[in-house]
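Fold and geometry: a report
Chain by chain, the residues:
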Amino acid sequence: MMRGDAVMLGKARNRRLRRPTLLVALALVGATMTTFVPAATAETPSRVGIACTTGVGGGATTPIFNLTTKTGYISLPDGNTAFMWGYSSGFGSFQHPGPVLCVNAGDTVTVILRNTLPEAASIVFPGQVNVLANGTPAQPELSGAGATTSLTNTAAAGGGTVTYSFLATNPGTYLYESGTNPEKQVRMGLFGALIVRPSAVPPGGAVGSIASEYANNRADSRFNPAEEFMVLLSEIDPYQHQAVENNKSFNMNTYHPRYWLINGRGFPDSIADNGASWLPTQPYGALAKVGEFDRAAVPADQPGMARYLNVGTEDFPFHPHGNNGLVAARDGRALEGPAGEDLSFEKFAINIGPGQTWDVIFKWYDAENYSPSNPVPVTVPQLANEEIGVFYSGSPYLGTKEALPPGIQSVNQCGEYYIISHNHALFQITSWGTNMTGPITYMRIDPPTPNNCG
């Protein structure tokens, strides 16, 4: 539970690259296809959590996704914007990152790529096998001199298309990204998340449960689908993006990230709702909203689920304060031995390497059961020695609100808690030197129901 929170500053929108001077303070705290079918549709997104895009056409087990490469701009926490490339859904407008593609194990997945960029582009699907491109096995493309120019078949510049298909076999979390000049195109934003859900309740699963309540094919991977979140970590070198915008070379020899993002946003935008109106090209928030885990519930309460993905060039040691997690899978594979023995392990900081994905199951409960009748055994400092943040309820107890001093504004709704989560490589939680921005979010814990949280 935290007594402070971020000071949010207004941001000027400016496409001219500039060294920031703003300060943000943080107080304590199978067949070939060459034309598009109708555009894939996003499920009606909740305000928080994963917002899936589902396929259209082809039947219940043969989803088809249409992706188009687009260019656009995203907003950064220091008031700058960055020129980006991205995969949009169907013929939709530019977005960053690409749509979250959600399918079921056993589905034959088709992805039709239309490329509007001035150079060839493609998609690879790490963790998927026997991928087809235009109906034949996907193959690297070579130059006349025999050098590899793409890891897979490409869509030609200026309107070319290519159709990929594969059988989604293993439930889990995956990246999809450009396989063409990836050191440039992935850095520019050609990436997204692919979620494969189990097609059936695992053997030994709970009576009355459904397949989407499981992270993989293990009965001990059950979670609450209403508490499922994405943590997609990425980085930007603004000089390289400006060079591409001006038709110059993207130079990895001088590559130096100055922005680090979570779900395509920096803090404080990261805790805004999915589809926030002032972030029209950055649809995905990162706030985790959970209820207190009820250890005595009948039937048994279920934990939450976080899907971590790293599309950057370095390790990202993500650090959810006060909350261990059970690492259930990595890179789309459940952690188990040859005989199916459970090899999951509990971890505090989640250290995701470049290109990795981690599936982490977590729960929050008040271990000490503090309440007004069981008070916290500390002396609360005098008001002059406190810094009260905008999310503080006036009380240290979950579900309790108390009067705040005159002049203090609070956005706390119902006595909920807010616990910070952030990348623990501290130089990466900046925006070109602006401290405490970047890949930072919160976990919001609501009091037990019934409550008045709205």
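Residues numbered from 1 in each chain as written. Predicted model: local features only at pLDDT ≥ 70, side-chain atom pairs only at ≥ 80, totals over all residues. Heavy atoms only, no water.

Things to note about the state of the cysteines
Here is the rule: Two cysteine sulfur atoms form a disulfide, by the criterion used here, when they sit within 2.5 Å. Helix and strand assignments follow DSSP, with helices taken as H or I runs no shorter than four residues and strands as E runs no shorter than two, numbered in order from the N terminus. The classification of residues rests on relative accessible area computed with a 1.4 Å probe and restricted to protein chains. Under 20% of the type maximum is buried, over 50% is exposed, and intermediate values are partly exposed.
In the structure shown here, the tally under the stated rule is two disulfides. Two residues share a disulfide in this structure: Cys52 and Cys102, whose sulfurs sit 2.0 Å from each other. Between Cys52 and Cys102 the sulfur-sulfur dihedral comes to about -70°; the bridge is accordingly left-handed. Of this pair, Cys52 sits in strand S2 (residues 52-54) while Cys102 is found in strand S5 (residues 100-104), placing the two residues 50 residues apart along the sequence. When sorted by exposure, Cys52 lands in the same class as Cys102, which is buried. Here Cys414 is linked by a disulfide to Cys453, with a sulfur-sulfur distance of 2.0 Å.

Side note on the side chain of Glu235
Rules: We score Asp and Glu as negative and Lys and Arg as positive, and we do not count His or the chain ends. When a carboxyl oxygen of Asp or Glu lies within 4 Å of a side-chain nitrogen of Lys or Arg, that pair is called a salt bridge. Polar contacts, as counted here, are pairs of nitrogen or oxygen atoms within 3.5 Å of one another; within protein the pair requires one atom able to donate a hydrogen and one able to accept it, and residues that are adjacent in sequence qualify only if both atoms are side-chain atoms. Every residue pair with non-hydrogen atoms within 4.5 Å of one another is taken to be in contact.
Here Glu235 lies in strand S14 (residues 228-236). In this structure, Glu235 is buried with no salt-bridge partner, the nearest side chain bearing the opposite charge being Arg187 at 4.3 Å. A distance of 2.8 Å separates the side chain of Glu235 from the side chain of Tyr255, its partner in a polar contact. A polar contact is formed between the side chain of Glu235 and the side chain of Thr313, at a distance of 2.6 Å. Setting aside chain neighbours within four positions, we find Glu235 in contact with Arg187, Tyr255, Pro257, Tyr259, Trp260, Gly312, Thr313, Glu314 and Phe316.

Digging into the pattern of salt bridges
A complete count under the given rule lists twelve salt bridges for this structure. Across the salt bridge formed by Glu213 and Arg222, the nearest N and O atoms sit 3.1 Å from each other. Classification of Glu213 as buried rests on a relative accessible area of 15%. Here the salt bridges share partners, and the residues they tie into one network are Arg197, Glu228, Arg307 and Asp359.

Some thoughts on the sheet that holds strand S22 (residues 350-352)
Inclusion rule: Each pair of strands is called paired provided DSSP finds at least two bridges between the two strands. To get an axis, fit a line to the C-alpha atoms, keeping to the stretch in contact for a helix; angles then go from 0 to 180 degrees between the N-to-C directions.
Pairing is mixed across the open sheet formed by five strands, whose spatial order is S16-S27-S24-S18-S22. Edge strands, defined here as strands with exactly one partner in the open sheet, are strand S16 (288-291) and S22. The average angle at which neighbouring strand axes cross in this sheet is 20°, direction not considered. The pairing of strand S18 (residues 316-320) with strand S24 (residues 417-423) spans three bridges and is classified as antiparallel. Counted as the bridge partner of Phe318 is Asn423 from S24.

Considerations on the UniProt feature "domain: Plastocyanin-like" (unreviewed entry) in the protein
Defined as follows: UniProt positions are given in the numbering used here, feature names are shortened, and annotations may be inferred rather than shown by experiment.
When the UniProt feature table is mapped onto this chain, "domain: Plastocyanin-like" (unreviewed entry) is found at residues 95-199. In this annotation, residues 95-199 is assigned 7% helix and 41% strand; the end-to-end C-alpha distance for the span is 29 Å.

Digging into the nonpolar core
Note on soluble globular proteins: their nonpolar side chains tend to be buried together. For the record, the criterion: Within this scheme, the nonpolar core is defined by two criteria: the residues are buried Ala, Val, Leu, Ile, Met, Phe, Trp, Tyr or Cys, and they are joined through side-chain atoms within 4.5 Å.
Core analysis: the largest hydrophobic core is formed by 31 residues, its most contacted members being Leu67, Leu113, Ile123, Phe125, Tyr164, Tyr176 and Leu194. Of all the elements in the fold, those that place two or more residues in this core are strand S3 (64-75), strand S4 (81-89), S5, strand S6 (108-115), strand S11 (160-167), strand S12 (172-177) and strand S13 (191-197). In terms of nonpolar packing, the next biggest core, distinct from the first, is built from 25 residues, Val231, Ala288, Ala306 and Met443 among them.

A word on the environment of Gly86
Secondary-structure assignment places Gly86 in strand S4. Counting along the chain gives 105 residues from Gly86 to Phe191, while the straight-line C-alpha distance between them is 7.1 Å. Beyond its immediate chain neighbours, meaning those up to four positions away, Gly86 contacts Thr68, Thr69, Lys70, Phe94, Gln95, Gly189 and Leu190.

Description of empty space enclosed by the protein
As a reminder, the rule being used: Method remark: on a 1 Å grid restricted to protein atoms, a set of points is classed as a cavity if a 1.4 Å probe fits but cannot get out and as a pocket if it is open with protein on both sides within 12 Å along at least five of seven lines; lining residues have an atom within 4 Å of a point. Grid points are joined across faces, edges and corners, and a volume is the space filled by probe spheres set on the points. Gly is put with the polar residues, along with every residue not named as nonpolar or charged; the nonpolar set is Ala, Val, Leu, Ile, Met, Phe, Trp, Tyr, Cys and Pro, and the charged set is Asp, Glu, Lys and Arg.
Its boundaries defined by the atoms lining it, the largest cavity holds a volume of some 200 Å³. Considering the residues around the largest cavity, the lining is formed by 19 residues, among which Ala288, Ala306, Tyr308, Pro320 and Ser421 are closest to the centre. Contributing elements (two or more residues each) for the lining of the largest cavity: S14, strand S17 (304-310), S18, strand S23 (357-362) and strand S27 (440-446). No other element matches the three residues that S27 contributes to the lining of the largest cavity. In terms of residue class, the lining of the largest cavity is built from 14 nonpolar, five polar and no charged.

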